[in-house]
Amino acid sequence: MNDVTPIQRPARTPEQVVFHRIELGQIMTLYGRMVAAGEWRDYGISMLKDVAVFSIFRRSAETPIYRVEKRPKLIAKQQQYAVIGMDGRILKRGADLKQVLRVLEKKLIRAVD
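So, on to the sheet that holds strand β3 (residues 66-70). Taken together, the five strands give an open sheet; going across it, the order is β1-β2-β3-β4-β5, and neighbouring strands pair in antiparallel fashion. Two strands in the sheet have a free side with no partner beyond their single neighbour: β1 (42-47) and β5 (90-94). Averaged over all neighbouring strand pairs, the angle between strand axes comes to 15 degrees, with direction disregarded. The pairing of β1 with strand β2 (residues 52-57) spans six bridges and is classified as antiparallel. Across the sheet, residue Asp42 finds its bridge partner in β2, namely Phe57.

For the rest of this paragraph, the subject is the environment of Met34. The topology assignment puts Met34 in helix α1 (residues 21-36). Considering only alpha carbons, one finds Met34 and Glu105, 71 residues apart in sequence, at a separation of 8.6 Å.

With that out of the way, let us pick up a nonpolar patch on the surface. Taken together, the side chains of Met28, Tyr43, Ile45 and Met47 define a hydrophobic patch exposed on the protein surface, amounting to about 310 Å² of accessible area. The biggest single contributor to the nonpolar patch is β1, with three residues. Looking at where Met28 falls in the secondary structure, it is placed in helix α1.

Turning next to the side chain of Ser55. By the secondary structure assignment, Ser55 is in strand β2. Contact partners of Ser55, with chain neighbours within four places excluded, come to Asp42, Tyr43, Gly44, Pro64, Tyr66 and Arg67.

This part takes up the nonpolar core. In this structure, Trp40, Ile56, Val68, Leu101 and Leu104 are the most contacted members of the largest nonpolar core, which totals 20 residues. Elements with a contribution of two residues or more to this core: α1, β2, β3, β4 (81-85) and α2 (97-112). By residue number, the principal contributor to this core is α2, which donates five residues. Those residues within four positions of Leu104 in sequence are excluded, and the remaining contacts are Leu30, Met34, Trp40, Ile56, Tyr66, Val68 and Val83.

Relative to the elements of secondary structure, Ala82 occurs in strand β4. Since its relative accessible area comes to 5%, Ala82 is described here as buried. For the pair Ala82 and Glu69, spaced 13 residues apart in the sequence, the C-alpha separation amounts to 5.2 Å. Once you skip the residues sitting within four places of it in the chain, Ala82 turns out to touch Arg67, Val68, Glu69, Ile90, Lys92, Arg93 and Val100.

What counts, and at which threshold
Residues numbered from 1 in each chain as written. Predicted model: local features only at pLDDT ≥ 70, side-chain atom pairs only at ≥ 80, totals over all residues. Heavy atoms only, no water. Pairing = 2+ DSSP bridges. Helix = DSSP H or I, 4+ residues; strand = E, 2+ residues; numbered from the N terminus. Axes fitted to C-alpha atoms, helices over the stretch in contact; angles between N-to-C directions. Patch = residues over 30% accessible without salt bridge, like charges linked within 9 Å, V, L, I, M, F, W, Y side chains within 5 Å. Areas by Shrake-Rupley, 256 points an atom, 1.4 Å probe, with all protein chains shown as cover. Salt bridge = Lys/Arg side-chain N within 4 Å of Asp/Glu carboxyl O. Contact = heavy atoms within 4.5 Å. Core = buried A, V, L, I, M, F, W, Y, C linked by side-chain atoms within 4.5 Å. Buried < 20%, exposed > 50% of the residue type's maximum accessible area, 1.4 Å probe, protein only.

Geometry only, nothing functional implied.
Right, here's the structure in full:
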């Protein structure tokens, strides 16, 4: 008789969707320009199982005015990147983050004028 207890492996934690360094660099470049223009004040990053979200705030106590979302599961259908407004409308969606962020760069041009 063998009294060896089987080794139990810990439950595998679900993988998170994350922004990679290049993606964060593109987002933070735009964020820095908007902070310098006085339009944005704070941000938050959430990395969940199905989505990574970069939330942009005008003031830290508010709801986000924009959300940049990465959803890799949508890469084949609707593209993985989206910029979503405060009201929940999708302002731009695409496969290239730099192209998707251009919808927010247009707001920078108006803010500086």
